[in-house]
Amino acid sequence: MTLTPDHAAVFSPPAAGGRFAAGEDPAKRQQILAGAKRVFMKMGFDAASMNDVTREAGVSKGTLYVYFTNKEELFSAMIETERAAFVAAVRTALAEHDDPEAGLYEFGISFVTHMTDEKVISAMRTVLGVRDRMPELCQRFFKGPVNLRTIMRDFLERHIAEGTLEIDDIDLAAGQFLDLASGSFFKLRLFGSMEEPPPLDEIERVIRGAIRVFMAAYGARRHETA
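Residues numbered from 1 in each chain as written. Predicted model: local features only at pLDDT ≥ 70, side-chain atom pairs only at ≥ 80, totals over all residues. Heavy atoms only, no water.

Named according to an unreviewed UniProt entry, the chain is AcrR family transcriptional regulator originating from Rhizobium laguerreae.

Right, dumping it as structure tokens:
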């Protein structure tokens, strides 16, 4: 397994004597990121300062700068941590189902509930607000390297191999289900036309409709016997 700099901080073992080297204590790093999340969600990227984060996280400025050299790096790490946690949860939900419709249902409910949550919408708006200064952050946030589309692709490939789905263009099919599942919820929430997250019964209605359409297009065909 190749570790990125962020992962290395999480997986690095303690130094001799049971103490972590400077900047490598995963608990301290998470403490800082949790404080940063509260600050950025409350104040936005531009208004927030490293001093605000030190106060909210309960660490010294010296400790903060050992882990993160500037506000941009801290913000990027916070966004990546949140994104990775959600992606991992969705991957687990899909892996637990042998029935493609059950997997799509669990995925759809988790996806829409998460994407319309107030904290996620706020984070999205913040990321979009800094896209001119931090284009790479936006690319990582929306594209990956491991994102919802790649997880959906893995799920579809498994069911194609098992004979429960028939799909020629997997990338197209993965994008189609994401679009069907999100409906207009995400855009309405992102641009402020829907002030509150949609109720669960409405999410379920949309997801069930998305599954019907998707399975009508890609469900394995039943060959009639003579």
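S.K.: Can you help me understand the overall build of the chain in this one?
M.R.: On a plain count of helices and strands, the chain comes out with twelve helices and zero strands. When the helices and strands of the chain are listed from N to C terminus, the series reads α-α-α-α-α-α-α-α-α-α-α-α. Within the chain, the fraction of its 226 residues that count as buried is 40%. For the chain, the proportion of contacts with a sequence separation of at least 24, taken over those separated by at least 6, is 68%. For the chain, the accessible surface area stands at approximately 12800 Å², while carbon and sulfur atoms represent 53% of it. (Helix = DSSP H or I, 4+ residues; strand = E, 2+ residues; numbered from the N terminus. Buried < 20%, exposed > 50% of the residue type's maximum accessible area, 1.4 Å probe, protein only. Contact = heavy atoms within 4.5 Å. Areas by Shrake-Rupley, 256 points an atom, 1.4 Å probe, with all protein chains shown as cover.)

S.K.: Explain the packing of aromatic side chains here, please?
M.R.: The geometry of an aromatic ring pair is captured by two quantities: the separation of the ring centres and the angle between the planes. Tallied over the entire structure, the rule returns seven aromatic pairs. Centroid distance Phe107 to Phe177: 6.2 Å. Interplanar angle 50°. Geometry classified as tilted. Note that Phe107 is positioned in helix α6 (residues 100-115) and Phe177 in helix α10 (residues 170-182), a separation of 70 residues in sequence. Take Phe107 and Phe177: they sit in the same class, and that class is buried. (Phe/Tyr/Trp six-rings, centres within 6.5 Å; stacked < 30°, edge-to-face > 60°.)

S.K.: What exactly am I supposed to notice about the pattern of salt bridges here?
M.R.: Side-chain pairing between opposite charges can occur once the charged atoms of the two side chains come close. One pass over the structure, following the stated rule, counts twelve salt bridges. Between Glu80 and Arg83 there is a salt bridge, with the nearest N and O atoms lying 2.7 Å from each other. Placement of the pair is Glu80 and Arg83 together in helix α5 (residues 71-95), with a separation of three residues, close to one helical turn. Residues Arg205 and Glu202 are paired through a salt bridge, measuring 2.6 Å at the closest nitrogen-oxygen approach. Highlighted residues: Arg205 and Glu202, both in helix α12 (residues 200-218), separated by three residues, approximately one helical turn. One continuous salt-bridge network, built from bridges that share partners, spans Asp98, Arg158 and Glu162. (Salt bridge = Lys/Arg side-chain N within 4 Å of Asp/Glu carboxyl O.)

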